[in-house]
Structures are given as C-alpha cells and as structure tokens.
Amino acid sequence: MTPQFSVKSVLRMYMFSNGLAAGASRSWVDKVPRRWGKDLLKLLTVAALIASTACGGGGGGGSSPASSGTTSSSAAVIVAPTAADASRLLAQATFGATDADITAITRSSYSAWVDGQLALAPGSSHLTWMDQRLTALRAANATANVSSSQFYESFWMQAAKGDDQLRQRVKFALSEIFVTSFTGASQSPRGLASYYDMLGRDAFGNFRTLLQDVTYHPAMGLYLTYMGNQKEDAKTGRNPDENYAREVMQLMTIGLWELNTDGTRKTDMTGNPIPTYSTEDVKGLAKVFTGLSWYSPTPNNSTFWGGSKNVEAYTTPMIMYNSAHSTSAKAFLGSTIYATTVADGNGEVSKALDTLYNHPNVGPFLCRQLIQRLVTSNPTAPYIKRCAQTFNNNGSSVRGDMGAVIKAILIDSEARTVSTDASYGKLREPVVRLGNWMRSFDAASDSGNWLITSTSSQSQLNQSPLTSPSVFNFFRPGYVPANTIIGNKGKAAPELQITDEVSVAAYVNTMQTTIEKGIGSSSDVKAAYSKELALANDPVALVNRIDLLLGVRMSATLRARITDAVTGIAIPAAGAAQDTIDTAKLNRVRLAILLTMASPDYIAQR
C-alpha cells in the first residue's frame, strides 16, 4: 500500500532533502509542478510494480522456460544506426554512453562497433591496482592491508573510464553467473581481484577455458568449499564435498532441466520436465573434484592444508594433490571414470569439464542468462535458439566461442529492434545505473583513486560488485515477482528481487546526493556537467541530451514533465550576479538528471 505522505514531503525527503544548492530545497519543491510530484510519489513507493511493464524471463529457479513469443527470423539487423539506436546498444553493452561512443556507432555499424570492442585487449588489471594501492597504503602505515574497498575503486575506475566497455560489462555479467563474493568466508581481496581479472580475460575466449579457469581458481575453491576437498574414507564415513559439483551444474553450465536448443524444457512421455542430473551425478562429480588445493612450488601434505602458503597462493590456480584424489569409480551425466590404483586428478577434472562443456544444455542455458544480463529478461525462444546455435558452432566449427556468442546476442534482431511488447526489456541494476551516471556525465576522481567503498547497504544501492549474498547471485534469473502485472503474466523480472519501497527511496536519495555533491570518501567522484551546462538555457535541448546519453527513449509525457520541472527553475536576468546565474543553471542540470534517473522510463531498460 502506498504510504500516505504529502507530495511535497516526499519530494523533500526523497529528492531534495539537502537541495541541489545551499538553501535551494524548498524553492525547488515549490516550483515542481504538482502533477509531476504526484507521479514521482507513485514512482518512489511502487516502482517495483511499475517496472513490471518492462522486464521478463522465465520460471523460478536456475533454468526456466523461454518465452514462447516470436520474432524475426533474421539473426541480425544491418542498418545505419541513429544516435538513439546507438545509445540503446550502449545501454545494453556498456556501463554508459558517451558522445564519442554514440558517434562511433552512427559512423559505422552495430557489427563494426562490436567487432572493435571484441578486438580490444583487456584493460588494466584489478590485481595490479590492488598491489599498487597496498604499496601506497603501507608507505603511510606499515601494517596496512587492502580490502574490498580497493577492489571497488578499481571496478568503478574501469567501469567509468575503460575503453574496453563491452568486456567490462560482460565480465560483470559473468560475475553474476560464476558467483564468488566478498561475503564468503576466508576470501582474499587480492584473490577476488584476480578472479575478476580472469573473468575479463576469458570473456571473449572459449567457454571451455572459462570453465577450467573458474574451476581451478582459489577464490572459487574457497567460496564453494572444495579447496582441500578430500577423497572418501569408508572407515571414518567421510564423503567428498559436493558443493561445487552441484553448483557448477545447476548454476554455471546446464541448469536443472533438460533444454531444447531454444531454451524450452524437454518433457518426458507424461509431459513432465526431465531433470539434467540426479543425486548420484552430484556424488560422482564430487569425487572428481577431490585433491584440489593450494598452489605451492613444493607441494606436500602441509601445503595441501594451507601450510607455508604465501599471498600468491590466493591468485595462482589450485593444483592437484593426487594423494587426496579419489581413485574409486565415478559416474556422472552419462560419463564413467573407472576405478584405478593410480590417481590422475587433473585428467579426471578435464574429462568432467569436457562432459559439462559438451552437454547440449550449455548453449541455451548460458545464452538465456547472458541475454537477461544485457538485453531483456524474457528473451523469446527463437532469440535463445539463434544464440545457442552460435555457441554450438561459431560458423567455423568452433563450439563455445564467447566472443561470437556476445556478438550474436547484441546484433540479433530482437536486441536491435525496439519492441512494442510492454513486457520487453529489463530493470537496470543499481550498479549499472551508477555506472551510467559516471560514464555519461564524465565523472572524475579528485584523488585519482576512485574512493568508493561498499554500496551494498539497503540505504544506498543495495548492491556492490562481487558482493552477492550467496552463490545464487543478488537475484535469481527466473524470479517472478508475486502480485505484479508481469508476474501475473508468468514472466520474470530478476532485478525486482532486490527492489522494494525502501531500496527505491534509497536509490533516489543516493543519486540525489551523488548528482549534487559526488560519491565516495569526501565525495571523491563527481561530475562537472560542462556540456549539459551549455544547454541550461534551453530545457528542451537539455532534457533531450540527457535522454540520449542515458538511453531512456522517454515517453512524450515524461519528457514534457521533466522539461516543465526544469523550466520551473528560473535563470536570473542579465545583470544579476554571475554566481546566482551559474547556480540556477547547475540546478537545472542536476534536476533534469535526477528526475530522469528516478523515472520508470529509465529504470526499465527497453
């Protein structure tokens, strides 16, 4: 139920509590048209329900049915993109559009821009940043250490300024599928920085390489508790840890149910979905992952348990200790490894990963989740099928080409055509929204260190990179919000799982402060809005620019209301003090950005 607040009290509390300039709060609220205030009240209190007009994607668990809608049979759209078209692609494929990005696409093509991004080498290393910051911190305090905060610094710096924007966005998407987290026990900040580097390095490579690197990374070994996993022991009743064996199937490769190439579920003769794996498959695969533990140049029983390890053990792939690896028979997913007297742990892991990699579910399972993270929560079955076919064969008889898969997702007709279906699209994640502000408005760090710490609090963004509360990510890909329009249609809106009245109000408050003062320690990251200030005398042009940069495609009604609100801030006539004129112009810019980023038209990426 909508809380009973007056329009002005809500505006003051949620949007203008501190004013966009000293002493300006009350005058701004009084000048915002009443009809805009009422609409904003609805936005702030029921945004989670409003957003039901723009999301989608499936059932309830790890792998849900694809939408049964239809789309063009054409795999790609080859047209000359307009500026609005370019901005829409950038909303899907980057952390935010810039003038230069938009121009680059309009002067070439979607395909050429994607190819150019795929060809770029990975940007700066997060681990290298952590080590540089550690040196700086210890220059002031010999016992200082790095934490998640230094990773966040590196994350935001690259999200805002990295040239390899597609890689930045894709590795963030991969981090929400191959989940590790700072919330996990015993995690090393340097280890997680190394893990994120690995996701970026493998983002456009082969999926088999990605699967191998994830499996052997100590951050995943720690998070899913198979670091130091021992073989079974009948005398003590010890059994191998099954955590990774289960999650690598359920969440990272094949999902819960057998799928057709188009992502729809296969059914048995009675019409029931067919499980992809059984408890026995989990047990068999768990034996395969025994023996993996800490890297050491001179491995022994002590180093297996973490003895004598140095800091590089958190960033170097785990090694196989065959003495701890099961030599008994293993059966999983139709594959069998026979009992042996000589352990070959790495060989058996390789066979298991090959089995997963070649499973027919991988293409549609992975494609659906990547489409959800980049384009739309409810991809149609034909869209998933085209993507999965590319996964199965990139055109050169190569399976698992991630670069080809990402390109297929982004230039597909369903991604590039503006849909008239009200359920098309997705909610922009809070982290992505903040990235949009940074990149589109050329935010910079005063210190050069991008001093942004956790934004996970529900009083902030309710999300920070690599800080999922569980292996199931911040939200489930098949989450269907109850008692909503979209939920009643049987469609999913994953990001709504971390959205409620409190988080919506907190987001608006956070953005109000960020847009006005900046974000981070001592408001380290802020925007000057130089290009926007040049348009402050022309509210229509100002709002049009913000609409383009943020990829909103505002409705005529929203555009008129924001323009009306911005016009309500009067710019003093010539002859007034220059600082008064400058303040009024800056207030117009800040208000236009804030109202746009608080609108459902923006939050729902279409």
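Residues numbered from 1 in each chain as written. Predicted model: local features only at pLDDT ≥ 70, side-chain atom pairs only at ≥ 80, totals over all residues. Heavy atoms only, no water.

A. Summary view of the state of the cysteines. The final tally for this structure, using the stated rule, is one disulfide. Between the sulfur of cysteine 367 and that of cysteine 387 lies a disulfide, 2.1 Å long from S to S. The sign of the -80° torsion about the S-S bond sets the cysteine 367-cysteine 387 disulfide as left-handed. Linking cysteine 367 in helix H17 (residues 362–374) with cysteine 387 in helix H18 (residues 381–392), this pair joins segments that are 20 residues apart in sequence. (Disulfide = S-S within 2.5 Å. Helix = DSSP H or I, 4+ residues; strand = E, 2+ residues; numbered from the N terminus.)

B. Representation of the packing of aromatic side chains in the model. Going through the model one piece at a time under the given rule, you end up with 20 aromatic pairs. Pairing tyrosine 244 with phenylalanine 289 gives two aromatic rings, centres 5.1 Å apart and planes at 70°, and the pair type is edge-to-face. Residue tyrosine 244 is found in helix H13 (residues 243–250), and its partner phenylalanine 289 is found in the loop between helix H14 (279–288) and strand S1 (292–293); the two are separated by 45 residues along the sequence. Their ring planes at 65° and their centres at 6.0 Å tell us that phenylalanine 441 and tyrosine 529 sit as a pair that is edge-to-face. (Phe/Tyr/Trp six-rings, centres within 6.5 Å; stacked < 30°, edge-to-face > 60°.)

C. The arrangement of unusual backbone geometry in detail. The backbone of serine 186 shows a phi angle near 65°, a positive value even though the residue is not glycine. Relative to the assigned elements, serine 186 resides in the loop between helix H9 (165–175) and helix H10 (189–202). Positive phi is not limited to glycine here, since leucine 333 has a value of about 50°. On the basis of relative accessibility, which here comes to 18%, the residue leucine 333 falls in the buried class. (Buried < 20%, exposed > 50% of the residue type's maximum accessible area, 1.4 Å probe, protein only.)

D. Broad picture of the layout of surface pockets. Taken as a whole, the largest pocket spans an internal volume of roughly 290 Å³. Taken together, 18 residues form the lining of the largest pocket, with Arg439, Ser440, Phe441, Asp442 and Lys531 sitting closest to its centre. Broken down by secondary-structure element, the contributors of at least two residues to the lining of the largest pocket are helix H5 (99–106), helix H8 (148–161), helix H21 (430–440), helix H24 (530–533) and helix H25 (539–549). Split into classes, the residues belonging to the lining of the largest pocket amount to seven nonpolar, three polar and eight charged. (1 Å grid on protein atoms, 1.4 Å probe; cavity = no way out; pocket = protein on both sides within 12 Å on 5 of 7 lines; lining within 4 Å. Points joined across faces, edges and corners; volume = space filled by probe spheres on them. Nonpolar A, V, L, I, M, F, W, Y, C, P; charged D, E, K, R; others polar.)

E. Focus on the packing of H9 against H10. Contact geometry for H9 and H10: axes closest at 9 Å, N-to-C directions at 120°. On the basis of their axis angle, the class for H9 and H10 is oblique. As for the relative orientation of H9 and H10, their crossing is right-handed in sense. Mapping the contact onto sequence places Arg167, Gln168, Lys171, Phe172, Leu174 and Ser175 in H9 and Tyr196, Leu199, Gly200 and Arg201 in H10. Residues of the contact of H9 with H10, tallied by class, amount to four nonpolar, three polar and three charged. (Axes fitted to C-alpha atoms, helices over the stretch in contact; angles between N-to-C directions. Parallel < 35°, antiparallel > 145°, perpendicular 65-115°, else oblique. Left-handed = near helix turned anticlockwise from the far one by under 90°. Contact = heavy atoms within 4.5 Å.)

F. Representation of empty space enclosed by the protein within the structure. In total, this model carries five cavities of 30 Å³ or more according to the counting rule given. Reported here for the largest cavity is a volume of approximately 140 Å³. If you go around the largest cavity, you meet 13 residues; those closest to its centre are Glu176, Ile177, Gln369, Asn473 and Pro477. Among the residues forming the lining of the largest cavity, the class breakdown is seven nonpolar, three polar and three charged.

G. Examining the pattern of salt bridges more closely. Enumeration according to the criterion identifies 22 salt bridges in this entry. Put simply, arginine 373 and glutamate 429 hold a salt bridge, and the shortest N to O gap is 3.5 Å. A residue pair is termed long-range when its members are at least 10 positions apart, and arginine 373 in helix H17 and glutamate 429 in the loop between strand S5 (426–427) and H21 qualify at 56 residues. Assigned by exposure class, arginine 373 and glutamate 429 land together as buried. Linked by salt bridges that have partners in common, Glu176, Arg373, Lys426, Glu429 and Glu495 make up one network. (Salt bridge = Lys/Arg side-chain N within 4 Å of Asp/Glu carboxyl O.)

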